[in-house]
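# Coordinates in review
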Amino acid sequence: MAKITDIAHLFLKEHLKVGDTAIDATCGNGHDTLYLAKLVGQTGIVHAYDIQEQAIINSKELTKDFNNIIFHQTSHENIDINKIDAVIFNLGYLPNGDKQITTLLSSTKNAILNLIAKFETNKNMLIIIVVYPGHDEGYKEALWLDEYLTSLPTSFVTSKYQPINQHNSPYIYTVNKK
Ligand SMILES: C[S@@+](CC[C@H](N)C(=O)[O-])C[C@H]1O[C@@H](n2cnc3c(N)ncnc32)[C@H](O)[C@@H]1O
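Now for a look at the structure at hand.

Calculation notes
Within every chain, residues take consecutive numbers counted from 1 along the sequence as written. Owing to the predicted nature of the model, reporting of local features is limited to residues with pLDDT of at least 70; listing and counting of side-chain atom pairs is limited to 80 or more, with chain, interface and lining totals taken over all residues. Residue proximity rests on one test: whether the C-beta atom, placed from the backbone, lies within 6 Å of the molecule or strand. Note on residue classes: Ala, Val, Leu, Ile, Met, Phe, Trp, Tyr, Cys and Pro are nonpolar, Asp, Glu, Lys and Arg are charged, and everything else, Gly too, is polar. Counting other C-beta atoms within 10 Å of its own, a residue is labelled buried from 20 upward, exposed at 12 or fewer, and partly exposed in the gap between, with every C-beta atom placed from the backbone. Numbered from the N terminus, helices here are DSSP runs of H or I no shorter than four residues, and strands are runs of E no shorter than two. Directions pointing from the helix axis toward each C-beta atom define the arc. We call two residues in contact when their backbone-placed C-beta atoms lie within 7 Å. In this description, strands pair whenever DSSP reports at least two bridges between them.

Looking now at the site of the ligand. Around the ligand lies a shell of 22 residues, among which Thr26, Gly28, Asn29, His31 and Leu94 are the nearest. Split by residue class, the shell around the ligand holds 7 nonpolar, 13 polar and 2 charged.

Below, the discussion takes up helix α3 (residues 53-62). Those residues of α3 that sit buried are Ala55, Asn58 and Ser59. What you see down the axis of α3 is that its buried residues fit within an arc of 95°, all on one side. For α3, the exposed residues set more than 90 degrees away from the buried face come down to Glu53 and Glu61. Taken together, the buried residues of α3 touch α2 (31-40), β2 (45-49) and β3 (69-72).

Time to look at the pairing of strand β4 (residues 86-90). Of all 5 residues making up β4, 5 are buried, and the element is well covered by its neighbours. What you see with β4 is no split at all: Ala86, Ile88 and Asn90 on one side and Val87 and Phe89 on the other are buried throughout. Here strand β1 (residues 21-24) pairs with β4 via 3 bridges, running parallel. When the bridges of β4 are listed, Ala22 appears paired with Ala86. Where β4 meets strand β5 (residues 126-131), 5 bridges bridge the pair, whose relative direction is parallel. By the bridge assignment for β5, Asn90 is matched with Val130.

In structure tokens:
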């Protein structure tokens, strides 16, 4: 059975075309950045964000054969890209890194609200959010996302893809416009 991140990749693969602009909002060790760079190809561009220098270093190393990636060592709250076709958030902490440095509800919320406003000019945008409710901050993020995304008007399509018999396992939200 595919892992939850593989399922997120399937959604990206179905949505993105060569030449598109994609954002990795939490590049971590670079696995999602690499996947996006392959999907958008030489004529596309990937913007990869992380607050940790180590994450940027790890991601640059993993993607060293690609020249279609721009790295931003800053919070995803500061995403300031005008044309966006897809964004992935893989929330939580850097695998094999400092577990104290994790995504936080306050910044996740700001980043998502900024992106929702960008649908005005990016009708084709797909947002994918992988949440990890098994740790305290992840649980808070999951609660807020559930409430906020459920409340969006029906001109948005917000979905949740979740294992139903597992305890606190990660799951996915997606947001797009009809
Ligand atoms: C689960 S990891 C991401 C895994 C990554 N996508 C991969 O494929 O390897 C979460 C990352 O979010 C980063 N992060 C935490 N807060 C952030 C913020 N406000 N903006 C951007 N990245 C953040 C962490 O430093 C960590 O590297």
